[in-house]
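Analysis of the macromolecular model
The residues making up each chain are set out below.
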Amino acid sequence: MDYRPDEIVKQTMDAINQKIRNMTTLNIIVVGKSGVGKSTLINSVFRENLAETGIGRPVTQSIRRISKAGFPLAIYDTPGFELGKNQQESVKQEVMKLIKEGLAGKDVNKAIHCIWYCINVGSNRTFDSSELAWLRSFTEENRATRVPVFIVLTQGCPKRKAEEMCRLVEAENLDVSKVIPVLAQDMDFDDEYVARAYGLDTLIAVMGEELPDELQDTLQNVQKVSLKSKKKRAQTAVAAAVTAAFGEGFAPVPFADAAMLIPTQITMIATITAIFGLDVDKSILMGFVSSALGTSGATVVGRSIATNLLKLVPGAGTVTGGVISGATAGLVTTALGEAYIKLMEQMFLGTLRAEDLQGEAGKRRFLALFQKQADKKELPDHFQEIE
Ligand SMILES: Nc1nc2c(ncn2[C@@H]2O[C@H](COP(=O)(O)OP(=O)(O)OP(=O)(O)O)[C@@H](O)[C@H]2O)c(=O)[nH]1
Ligand SMILES: [Mg+2]
């Protein structure tokens, strides 16, 4: 089981594509009157401008489904919700129908996973009685189906007004998961005052608490507003990979067979990439692999993989008996995972340019990522991590 770095890169690319292809689709129904800011919210939270991709496909009389090929998210929009009682009643019935069909179908990709009920803070003095009635009756009907409902208070500025509205809605004791005030986009009043966007990271965090495990990677993949949530999920993926593969009872691996650690590490890197939802190309992966393995081009055999990986983790590098214990394999894998998360973080923040990863400077940068994880030593200024 020897490898060439370009083969590892190819397998990693394949694993990334497969992971993304196999992601469960997250299905969200968005309810709210015209102009409250549903489209703005959707386009601000997710990586793809779904709400601009046209009118979508009608799935019922008053609901349309918006999605994009290769993107594991579907939004069910409810245009015309403001058109009065009859329309609102049919939206309610059609939402319940979709929920029930989803449950009956037993296909998680088709099930409805949550509802965003949007209320505009800006245009409301109080909580509209017809909306309150709708929510009461809907949550009553949803008691058996238990789809999480999030009340999103849109255009939540001034913040004080949003908080007041939040208390008003909470006081109604509706059977909903959470009331979340947000401002999806900065709001410009005049040159002197700009209200800054807020709350979208909270929306992702509370959704993360309610959604089942099989949707957690998807949620992080599609959202673009919370680096913290992505990192947290990616760290869970590292821990899971390490526990599954190198946990207790893992038989020590002879140095010569250290290549057998690589498939687990490839899967882990693919999962982290999917969680970040970034386009990672071959050159980035090649830089990562060759700095981890200290080689490029030549075939790497188990023994060189072992010695080079161990170098990444100074504390773990006591080479005794020609074997790597489960604990050491776990440490090395954790260091790889954490370094890769750091790389993804810098790409997400845009503080890493493609040319930063090339040549000698690139190699040093990659090594710094590992070393930083390995021993948290001081690094030269230009390697300082961005918090
Ligand atoms: N600055 C700012 N403007 C917002 C925000 N949310 C909505 N708006 C504005 O409010 C208007 C209506 O927002 P939309 O997102 O189109 O509302 P909608 O709910 O999709 O409306 P319909 O598609 O007609 O049902 C637009 O002019 C948006 O620019 C926000 O968070 N910040
Ligand atoms: Mg819209």
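Here the residue numbers are simple positions, counted from 1 along each chain's written sequence. Written order determines the labels here, with chains lettered from A and ligands numbered from 1. Per-residue local features of the predicted model are confined to residues with pLDDT of at least 70, and side-chain atom pairs are confined, for both listing and counting, to 80 or more; whole-chain, interface and lining totals are unaffected and use all residues. Remark: hydrogens and water are excluded; side-chain values derive from all non-hydrogen atoms of the structure.

Our next topic: the pairing of strand 7 (residues 178-181). Two faces make up the sheet, and in a regular strand the side chains alternate between them. Pairing between two strands is assigned when DSSP locates at least 2 bridges connecting them. The helix count covers DSSP runs of H or I at least four residues long, the strand count covers runs of E at least two residues long, and both are numbered beginning at the N terminus. Direction of pairing for strand 6 (residues 149-154) relative to strand 7: parallel, over a ladder of 4 bridges. By the bridge assignment for strand 7, Ile151 is matched with Val179. Convention used here: a crossover is right-handed provided that the path from the first strand, over the helix, to the second strand proceeds clockwise when the strands point away from the viewer. With respect to chirality, the unit in which strand 6 leads through helix 5 (residues 159-170) into the neighbouring parallel strand 7 is right-handed.

With that settled, the discussion passes to the domain arrangement of the protein chain. As used throughout, domain bounds are those supplied by an automatic or database domain assignment. If you check the domain split of the protein chain, you get domain 1 (24-222) and domain 2 (226-383). Look at where the C-alpha atoms of domain 1 and domain 2 centre, and you get two points 38 Å apart. Domain 1 puts 9 residues into the contact, and the matching count from domain 2 is 8 residues. Where domain 1 abuts domain 2, roughly 740 Å² becomes buried across the two surfaces, and 46% of that area is made up of carbon and sulfur atoms. Three residues, Asp217, Gln220 and Asn221, lead the burial of domain 1 against domain 2; their summed loss comes to 61% of the area buried on that side. Any carboxyl oxygen of Asp or Glu that lies within 4 Å of a side-chain nitrogen of Lys or Arg is treated as forming a salt bridge with it. Between domain 1 and domain 2 we count 2 salt bridges in total. Arg233 serves as the salt-bridge partner of Asp217, at 2.7 Å between the closest nitrogen and oxygen. Pairs of N or O atoms are called polar contacts if they sit within 3.5 Å, as long as, within protein, a hydrogen donor faces a hydrogen acceptor (for residues adjacent in sequence, only side-chain-to-side-chain pairs). At the junction of domain 1 with domain 2, the criterion picks out 5 residue pairs in polar contact (both at pLDDT 80 or more). At the level of secondary structure, the elements contributing two or more residues to the side of domain 1 that touches domain 2 comprise helix 6 (200-210) and helix 7 (216-222). Among the elements that take part in the side of domain 1 that touches domain 2, helix 7 stands out by supplying 4 residues, more than any other. Classification used: nonpolar for Ala, Val, Leu, Ile, Met, Phe, Trp, Tyr, Cys and Pro, charged for Asp, Glu, Lys and Arg, polar for all others including Gly. Among the residues making up the side of domain 1 that touches domain 2, the classes are represented as 2 nonpolar, 3 polar and 4 charged. Every residue pair with non-hydrogen atoms within 4.5 Å of one another is taken to be in contact. We define buried area as the total accessible area lost by two parts upon association, computed with a 1.4 Å probe and summed across both.

Our next topic: unusual backbone geometry. Residue Pro158 is reached from Cys157 by a cis peptide bond, and omega for that bond is 0 degrees. Unlike most non-glycine residues, Arg146 shows phi in positive territory, near 55 degrees. Residue placement: Arg146 occurs in the loop between helix 4 (129-141) and strand 6. Residues other than glycine seldom take positive phi values, yet Asn173 does so here, at roughly 50 degrees.

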